[in-house]
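One letter stands for each residue in the lines below.
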Amino acid sequence: MIVVNTKAYKEGIGRNAVEIAKVMKKVGEKHKVRMALAVQPSDIHAVSNIIETFCQHIDAIEYGSYTGWILPEAVKEAGAKGTLINHSEHLMKIEDIAKAIERAKEVGLEVIVCASNIAITRAIACLNPDCIAIEPPELIGGDISVTKAKPTVVKKAVDEVKKINDEIKVLCGAGIKNGMDVSKAVELGADGILVASGVVKARNKEEILEEMAMAIAHKKQST
Ligand code: G3P
């Protein structure tokens, strides 16, 4: 699985998000690789009829007086398939993560929870999300991939999660820029990658997504 996070990058907002979604759909279908786009809540409606869409963050709230908070039901109704929570850029307390996972499941949203290290990965795995994304914060947005700088962290995250619940998928992210980084991620046991700048800020998004999708398709064939 390839999850692209648009963050609040200009290149990933509004019409730009729609363009990324179209390229992802094309490349994903061509290589039969699952692709999802994690967007700002305001872009869910525009991209969700093109590509599987995740909302960047939800709040652990229910219908009611919560001005400015993100309601899981609203996200679902706007067309999202899931949500990406506890990103290093939007950390949550563990009790809010637990509640958000529960609420997401209630409304039928898939949940990817980010974790910055192994201890947090273990704690989150006990909450049974659909997916955990290991991302060392110091490598986010940089040019050195987590798979190069911290391969043992990726491997350990996979092992620890699978020990707790082998149905939880594990993604890795931070600094992923090319097909080689993606191949390495899969080799280390990850079920996919979470990427932002490497795709959203790339001049030729199709070319880079092709490279990444081919790396996953190739690994799928060889197993
Ligand atoms: O959510 C993905 C992200 O934090 C990784 O960012 O730019 O290093 O791919 P980047």
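Definitions and limits used
- Residues numbered from 1 in each chain as written.
- Predicted model: local features only at pLDDT ≥ 70, side-chain atom pairs only at ≥ 80, totals over all residues.
- Heavy atoms only, no water.
- Helix = DSSP H or I, 4+ residues; strand = E, 2+ residues; numbered from the N terminus.
- Rg over C-alpha atoms; globule rule 2.2 N^0.38 Å.
- Buried < 20%, exposed > 50% of the residue type's maximum accessible area, 1.4 Å probe, protein only.
- Contact = heavy atoms within 4.5 Å.
- Areas by Shrake-Rupley, 256 points an atom, 1.4 Å probe, with all protein chains shown as cover.
- Disulfide = S-S within 2.5 Å.
- Near = heavy atom within 4 Å.
- Polar contact = N/O pair within 3.5 Å; in protein donor to acceptor, adjacent residues only side chain to side chain.
- 1 Å grid on protein atoms, 1.4 Å probe; cavity = no way out; pocket = protein on both sides within 12 Å on 5 of 7 lines; lining within 4 Å.
- Sits in = over half its atoms within 2 Å of the grid points.
- Nonpolar A, V, L, I, M, F, W, Y, C, P; charged D, E, K, R; others polar.
- Points joined across faces, edges and corners; volume = space filled by probe spheres on them.
- Pairing = 2+ DSSP bridges.
- Axes fitted to C-alpha atoms, helices over the stretch in contact; angles between N-to-C directions.

Colleague: Can you help me understand the overall build of the chain in this one?
Modeller: Each helix and strand in the chain was counted, giving 10 helices and 8 strands. Scaling as 2.2 N^0.38, a compact globule of 223 residues should have a C-alpha radius of gyration of about 17 Å, and the chain matches this with 16 Å. Taking the principal axes of the C-alpha coordinates as reference, the chain spans close to 50 × 40 × 30 Å. Taking all 223 residues of the chain together, the buried fraction comes to 52%. Within the chain, residue pairs in contact and separated by at least 24 positions form 65% of the contacts whose partners lie at least 6 positions apart. Of the roughly 10400 Å² of accessible surface on the chain, a fraction of 53% belongs to carbon and sulfur atoms.

Colleague: Sorry if this is basic, but what is going on with the state of the cysteines here?
Modeller: Two cysteines, two sulfur atoms, one covalent bond between them: this is a disulfide. In the structure shown here, the tally under the stated rule is 0 disulfides. Looking at Cys-55, it has no disulfide partner, and the nearest cysteine sulfur is the one in Cys-114, 13 Å off. Considering cysteine sulfurs only, Cys-131 is the nearest to Cys-114, which forms no disulfide, with 8.9 Å between them.

Colleague: I keep staring at the site of the ligand and nothing clicks. Help me out?
Modeller: Inspection of the region around the ligand gives Asn-5, Lys-7, His-87, Glu-135, Ile-140, Gly-141, Ala-174, Gly-175, Leu-194, Val-195, Ala-196 and Ser-197 as its neighbouring residues. With respect to the ligand, the side chain of His-87 contributes an N or O atom lying 2.7 Å from an oxygen atom. Between the ligand and Glu-135, the relevant distance is 2.9 Å, taken from an oxygen atom to a side-chain nitrogen or oxygen of the residue. Taken atom by atom, the bulk of the ligand overlaps the largest cavity. Considered class by class, the residues forming the shell around the ligand number 5 nonpolar, 5 polar and 2 charged.

Colleague: Teacher, can you tell me more about empty space enclosed by the protein here?
Modeller: With a probe scaled to a water molecule rolled over the atoms, the places where space remains empty come into view. Overall, the coordinates contain 1 cavity of 30 Å³ or more when judged by the stated rule. In this structure, the largest cavity spans a volume of roughly 110 Å³. Taken together, the elements giving at least two residues each to the lining of the largest cavity come down to strand S8 (192–195) and helix H9 (197–200). A per-class count over the lining of the largest cavity returns 6 nonpolar, 7 polar and 3 charged.

Colleague: Teacher, can you tell me more about the layout of surface pockets here?
Modeller: One number sums up the size of the largest pocket: a volume of about 220 Å³. Surrounding the largest pocket, Asn-5, Lys-7, Ala-8, Gln-40, Pro-41, Gln-56, His-57, Ile-70, Leu-84, His-87, Glu-89 and His-90 form its lining.

Colleague: Any chance you could explain the sheet that holds strand S5 (residues 110–115) here in plain terms?
Modeller: Through backbone hydrogen bonds, the strands of a sheet pair up, either in parallel or in antiparallel fashion. Strand order in the closed barrel formed by 8 strands is S1-S2-S3-S4-S5-S6-S7-S8, with parallel pairing between adjacent strands. When strand polarity is set aside, the average angle formed by the axes of neighbouring strands in this sheet is 25°. For strand S1 (residues 2–5) and S8, the ladder comprises 3 bridges, and the chain directions are parallel. Within the sheet, the bridge partner assigned to Ile-2 lies in S8 and is Ile-193. Sheet contacts for helix H10 (residues 205–221): S1, strand S2 (35–39) and S8; angle to S1, the most-contacted strand, approximately 150°.

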